[in-house]
Amino acid sequence: MSKITIQQIADLAGVNKATVSRVINRSANISEKTREKVEAIMKEHNYVPNSIARGLAFNKTFTVGFYSDYTDKRAYANPFFYKVLQGIEEIVYNNDHMFLMMSDHVNKKSSSTFENVVSQHRVDGLIIPNTLLTEQNYDLLIKHNMPYVVTGENMLPKEGVPWVDIDNVQAGQVLTEHLIELGCRNIMIYAGGEAVARDKFLADRLKGYTEMMKRNQLDISVIEHADVLKTLNLAKKSEKSERTGITGTRPDALICCTHEQLFEILDWERGNPMLSELALATFDNFPMSKYMTHPVHFVDIDLEMMGKQAAQMLFSLMNKETDVPKSISIHTRIGN
């Protein structure tokens with residue numbers, strides 16, 4: 001049995017060929033009744049549109065790309081990385097596009113993967129993490145007029161870079177305020193120096209904590225290493241540690257900026273008595289938290305929504321819509 005043609009579908013539906021093409025390409029200028037009629041005929045005859053022909057007709061690939069760094073083992077090991085991808089994919093597939101994940105493999109004899117994809121327009125738009133938006137990559141995107149959206153607040157000193165991120169300053173404020181409302185006053189935050197300098201989201205969480213502590217006229221206490229807590233555990237009240245310079249008053253709450261830090265602290269259940277006196281807090285929940293013996297307060301961070309918003313913004317830019325926001329900051333709330 002030969003494959004049915006668009007003209008034959010049009011004849012069966014009692015419409016012209018252009019109408020069938022608009023249904024295939026999901027044009028908004030089609031009545032729901034006509035769309036359902038044409039789609040029913042296509043389904044009955046197992047008609048599958050030729051994606052290559054469709055791309056040639058519209059000068060599009062109907063593909064969205066996501067650029068990642070395959071050498072960043074931390075990102076791939078982080079389950080929250082996949083929450084962002086889940087949100088992106090949902091929007092991409094709902095818009096009848098394909099999703100291409102790529103890493104930047106550099107061949108000395110040729111251009112990089114990123115350069116090839118952008119310069120040859122192998123995708124219609126790109127989503128790129130802020131850590132990979134270098135000057136070189138930015139110039140390439142602009143040169144080839146490639147629509148793109150950055151996940152994570154833009155750190156490049158360029159105007160008009162579209163980005164979507166969690167409002168980590170607000171997250172730091174919300175979590176600190178929650179602990180204050182619980183009656184905590186000596187609230188310490190575990191924020192590593194090098195990590196804060198490297199990752200803006202950590203710096204923003206620290207900023208939110210600092211602002212809320214100042215607002216409530218409470219002392220700010222930042223540690224870069226968990227070993228500091230062991231020193232405080234042995235110290236007397238108001239004694240100052242010569243090694244750390246931090247007053248030896250035990251904290252009644254500790255905010256861990258990452259889950260790695262939280263697990264490091266929780267490992268003390270085997271021998272550190274101070275843990276039972278601490279209100280622990282972190283950013284975002286995780287699947288194993290319900291099995292933990294020590295309760296942990298957390299801010300609910302919707303990373304899936306972050307992915308959805310990034311993809312929706314990209315489609316708006318690809319469709320040349322007006323009034324597309326330059327950036328989106330997603331607010332957080334205390335988790336249950």
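In this report, we go over the structure that sits alongside the text. Residue positions are given per chain, counted from 1 along the sequence in the order it is written. Local features are withheld for residues below a pLDDT of 70 in this predicted model, meaning they are given only at 70 or higher, and side-chain atom pairs are given and counted only at 80 or more; totals for whole chains, interfaces and linings count all residues. Calculated side-chain values reflect all of the structure's heavy atoms, with hydrogen atoms and water omitted.

### Thoughts on the environment of Asn216
Consideration 1: If you trace the backbone, Asn216 turns up in the loop between helix H11 (200-215) and strand S7 (221-223).
Consideration 2: Taking the C-alpha atoms as reference, Asn216 lies 9.4 Å from Arg185; in sequence the two are 31 residues apart.
Consideration 3: Distance and chemistry together define a polar contact, namely a pair of N or O atoms within 3.5 Å, with one atom able to donate a hydrogen and the other to accept it when in protein, and with adjacent residues in sequence counting only for side-chain atoms on both sides. A distance of 2.9 Å separates a polar atom in the side chain of Asn216 from the backbone oxygen of Met212. Counting from the N terminus, the helices are the DSSP runs of H or I reaching at least four residues and the strands are the DSSP runs of E reaching at least two.

### Considering the sheet that holds strand S6 (residues 187-190)
Consideration 1: A pair of strands is treated as paired once DSSP finds two or more bridges between them. The 6 strands are arranged S7-S6-S8-S9-S10-S12 in an open sheet whose pairing can be described as mixed. Each edge of the sheet is formed by a strand with only one pairing partner; in this case those strands are S7 and strand S12 (333-334).
Consideration 2: Docked against the sheet, H11 engages S6, S7, strand S8 (253-256) and strand S9 (279-283), running at close to 165 degrees with respect to S6. In this description, contact between two residues means that some pair of their heavy atoms is separated by no more than 4.5 Å. For every element, the axis is a line fit to its C-alpha atoms; helices are fit only across the contacting stretch, and the angle between N-to-C directions ranges from 0 to 180 degrees.

### Some thoughts on the pattern of salt bridges
Consideration 1: Basic side-chain nitrogens of Lys or Arg form a salt bridge, by our definition, when they fall within 4 Å of a carboxyl oxygen of Asp or Glu. Within this structure, the stated rule accounts for 7 salt bridges.
Consideration 2: In this structure, Lys83 and Asp284 form a salt bridge, with 3.9 Å as the shortest nitrogen-oxygen distance. With Lys83 in helix H6 (residues 79-94) and Asp284 in the loop between S9 and strand S10 (296-300), this residue pair connects regions lying 201 residues apart in the sequence.
Consideration 3: For Lys83, a relative accessible area of 31% gives the class partly exposed.
Consideration 4: Only protein chains enter the accessibility calculation, which uses a 1.4 Å probe; a residue is then buried when its area is under 20% of its type maximum, exposed when over 50%, and partly exposed in between. With a relative accessible area of 4%, Asp284 lands in the buried category.
Consideration 5: Here Lys308 ties to Glu90 by a salt bridge, and the two come within 3.6 Å at their closest N and O atoms. Residue Lys308 is found in helix H14 (residues 303-318), and its partner Glu90 is found in helix H6; the two are separated by 218 residues along the sequence.
Consideration 6: The exposure class assigned to Glu90 is partly exposed, which follows from its relative accessible area of 34%.

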